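# Examining the three-dimensional arrangement
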Amino acid sequence: MLSAFARAFQTPDLRKKLLFTLGIMVLFRLGAHIPVPGVNFVAVNQCYKQTTSGLFGLVNLFSGGALLQLTIFALGIMPYITASIILQLLTVVIPRLEALKKEGQAGTAKITQYTRYLTIALAVLQGTGIVATASSGALFSGCPLANQIVPDQSVFRIAVMVITMTAGTTVIMWLGELITDRGIGNGMSILIFTSIAAGFPGSMWAIKTSGKLFGGWGEFFSVILVGVVVVVLVIFVEQAQRRIPVQYAKRMIGRRAFGGTSTYIPLKVNQAGVIPVIFASSLLYIPALVVQLTNSQAGWATWIRTNFVKGDHPIYMVTYFVLIVFFAFFYVAISFNPEEVADNMKKYGGFIPGIRAGRPTAEYLNYVLTRITWPGALYLGLIALIPMIALVAFGQQTNFPFGGTSVLIVVGVGLETVKQIESQLQQRNYEGFLR
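Residues numbered from 1 in each chain as written. Predicted model: local features only at pLDDT ≥ 70, side-chain atom pairs only at ≥ 80, totals over all residues. Heavy atoms only, no water.

### Observations concerning the confidence of the model for the protein chain
- Summary statistics for the protein chain give a mean pLDDT of 79 and a share of 83% for residues scoring 70 or more.
- When the elements of the protein chain are averaged for pLDDT, strand 3 (residues 256–258) gives the smallest value, 59, and helix 8 (residues 155–182) the largest, 90. (pLDDT = per-residue confidence, 0-100. Helix = DSSP H or I, 4+ residues; strand = E, 2+ residues; numbered from the N terminus.)

### Let's talk about the nonpolar core
- Residues Val234, Leu267, Val277, Tyr320, Ile383 and Leu408 are the most contacted members of the largest nonpolar core, which totals 68 residues.
- Broken down by element, this core gets its largest block of residues, ten residues, from helix 16 (residues 359–393).
- Apart from residues lying up to four places away in sequence, Leu408 is in contact with Val234, Glu238, Val274, Val277, Tyr379, Leu380 and Ile383.
- In terms of nonpolar packing, the next biggest core, distinct from the first, is built from 23 residues, Val39, Ala43, Leu75 and Ile130 among them. (Core = buried A, V, L, I, M, F, W, Y, C linked by side-chain atoms within 4.5 Å. Buried < 20%, exposed > 50% of the residue type's maximum accessible area, 1.4 Å probe, protein only. Contact = heavy atoms within 4.5 Å.)

### Thoughts on a nonpolar patch on the surface
- On the surface, Trp205, Trp217, Phe221, Ile224, Val228 and Val232 cluster together into a nonpolar patch covering about 600 Å² of accessible area.
- Here the nonpolar patch gets five residues from one element, more than from any other, and that element is helix 11 (residues 217–239).
- With respect to the element layout, Val232 can be found in helix 11. (Patch = residues over 30% accessible without salt bridge, like charges linked within 9 Å, V, L, I, M, F, W, Y side chains within 5 Å. Areas by Shrake-Rupley, 256 points an atom, 1.4 Å probe, with all protein chains shown as cover. Salt bridge = Lys/Arg side-chain N within 4 Å of Asp/Glu carboxyl O.)

### Describing the pattern of salt bridges
- Inspection of the entire model under this criterion finds three salt bridges.
- In this structure, the salt-bridge partner of Glu177 is Arg116, at a minimum N-O distance of 2.8 Å. In this pair, Glu177 sits in helix 8 while Arg116 sits in helix 7 (residues 105–136), placing the two residues 61 residues apart along the sequence.
- Here Glu363 ties to Arg359 by a salt bridge, and the two come within 3.3 Å at their closest N and O atoms. In this pair, Glu363 and Arg359 both sit in helix 16, four residues apart, roughly one turn of the helix.
- Overall, the relative accessible area of 47% leaves Glu363 in the partly exposed class.

### A few points about the packing of aromatic side chains
- Evaluated as defined, the whole model comprises six aromatic pairs.
- On the basis of an interplanar angle of 65 degrees and a centroid distance of 4.8 Å, the ring pair of Phe329 and Trp374 is categorised as edge-to-face. You can see Phe329 sitting in helix 14 (residues 314–335) and its partner Trp374 sitting in helix 16, a full 45 residues away along the chain.
- The class of Phe329 is partly exposed, set by a relative accessible area of 23%.
- Since its relative accessible area comes to 45%, Trp374 is described here as partly exposed.
- Here the aromatic cluster, defined as three or more aromatic residues joined through ring pairs, consists of Phe326, Phe327 and Phe330. (Phe/Tyr/Trp six-rings, centres within 6.5 Å; stacked < 30°, edge-to-face > 60°.)

### Notes on the packing of helix 6 (residues 95–102) against helix 7
- Between helix 6 and helix 7, whose axes approach to 6 Å, the crossing angle comes to 130 degrees. Taken together, the axes of helix 6 and helix 7 lie oblique to each other. For the pair helix 6 and helix 7, contact is made by Leu97, Leu100 and Lys101 and by Gly107, Thr108, Lys110, Ile111 and Tyr114, respectively.
- Counted by class, the contact of helix 6 with helix 7 contains four nonpolar, two polar and two charged residues. (Axes fitted to C-alpha atoms, helices over the stretch in contact; angles between N-to-C directions. Parallel < 35°, antiparallel > 145°, perpendicular 65-115°, else oblique. Nonpolar A, V, L, I, M, F, W, Y, C, P; charged D, E, K, R; others polar.)

### Looking at the side chain of Thr71
- Considering the arrangement of structural elements, one finds Thr71 in the loop between helix 4 (57–62) and helix 5 (78–93).
- Ignoring any residue separated from it by four or fewer positions in sequence, one finds Thr71 in contact with Gly31, Ala32, His33, Ile34, Pro35, Val36, Ala66 and Met165.

### Quick word on the packing of helix 10 (residues 200–210) against helix 11
- Between helix 10 and helix 11, the shortest axis-to-axis distance is 7 Å and the interhelical angle comes to 140 degrees. Of the residues in helix 11, those touching helix 10 at Met204, Trp205, Ile207 and Lys208 are Trp217, Glu219, Phe220, Val223 and Ile224.
- Taken together, the residues of the contact of helix 10 with helix 11 sort by class into seven nonpolar, no polar and two charged.

### What about the sheet that holds strand 5 (residues 350–351)?
- Read across the sheet, three strands follow the order 4-1-5 without closing on themselves; strand pairing throughout is antiparallel. Of all the strands in the sheet, just strand 4 (262–268) and strand 5 have a single pairing partner and so form its edges.
- One ladder, built from seven bridges, connects strand 1 (residues 241–248) with strand 4; its direction is antiparallel. Within strand 4, the position partnered with Gln241 by the bridge is Lys268. (Pairing = 2+ DSSP bridges.)

### A word on helix 13 (residues 299–307)
- The set of residues buried in helix 13 consists of Ala301, Ile304 and Asn307. Projected onto a plane normal to the axis of helix 13, the buried residues spread over an arc of 145 degrees and lie on a single side. (Arc of directions from axis to C-beta.)

Given below as structure tokens:
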């Protein structure tokens, strides 16, 4: 692998792409440390050290810790992810978007443009919410300096802060597209990977300093061992797929025969990726966010504080697991249409051996997809519960790096990027990473 990586840098055009990607990643991390104008950075820094991420943990994860430090990249790539998911869901509902999706490259470019507009709108809304939360002191609940984070709360100052955060999200979106066009891999995925990976060293050192076994080294190496096992499990499941064989009959056009080839439909065990975890996390944040913003002392608010704020509570963990399983099936149902696949196969003379074309093929695909989605959904739920189990075992939920959304994204993006580098090496008759 090291030899292949060295050869990748020896190839001029591939070296240029790798260095360009690394440069954008460095620039992205620099922006995550520049504070927003109008923020008391001393107060933010002290509250950030005293307070765990808690309620805003998901957004803080995707921003590489920039959210709770109120920097110009505080919103991170989260508005773009949300906009992409919304557009993907609307494609199933709105016929116009579905028609654009079928138009090929031109339609995809139009949907991408809509995603950019929606990203900016969501960035404005999320930026306004974050600034309002920071101004009221609710962003760092329990910190004595929480009310001093935004000293000047005039309309002009608040507007400047929201515009700055929105501009930061727009710049991140542009940087991601630059990586996709001129670098290696999917730009947005690479930036998410950078945000999450940037927090690994700090999390590991926090586990060591707060541990008690052999001066913290016992917990440190235990977490590394668990991390290795989790990464191997994630790689195994992410690579697993059910290949359904498809045979295409020969067709005579004039004097030439076309078709007669054999291929397969790859159905991944984890067809939904990390989307169900994001959906479930976002949905569980809503009750706690409502309670925190309203500061209600009613019975329902007390029940939510008791059961839906701390990740080690059994009700929270069970609800989280059930939501992940539900959203896994929901997302697979809207992203893969067996009837559409069966119709396309029938149109071009394709059939599954032993299965009649048309409706029987659609029913068979739906049956297979349902069976392989069950282990994929249960796997996602178990991986997402690892940080909560770590909270009970080590008391290290916020510092535990090898679990939930983070490890799924890091491993998935890493595998995809390595595959792209390998394919470009193989085009030049070089040895790949995975050999």
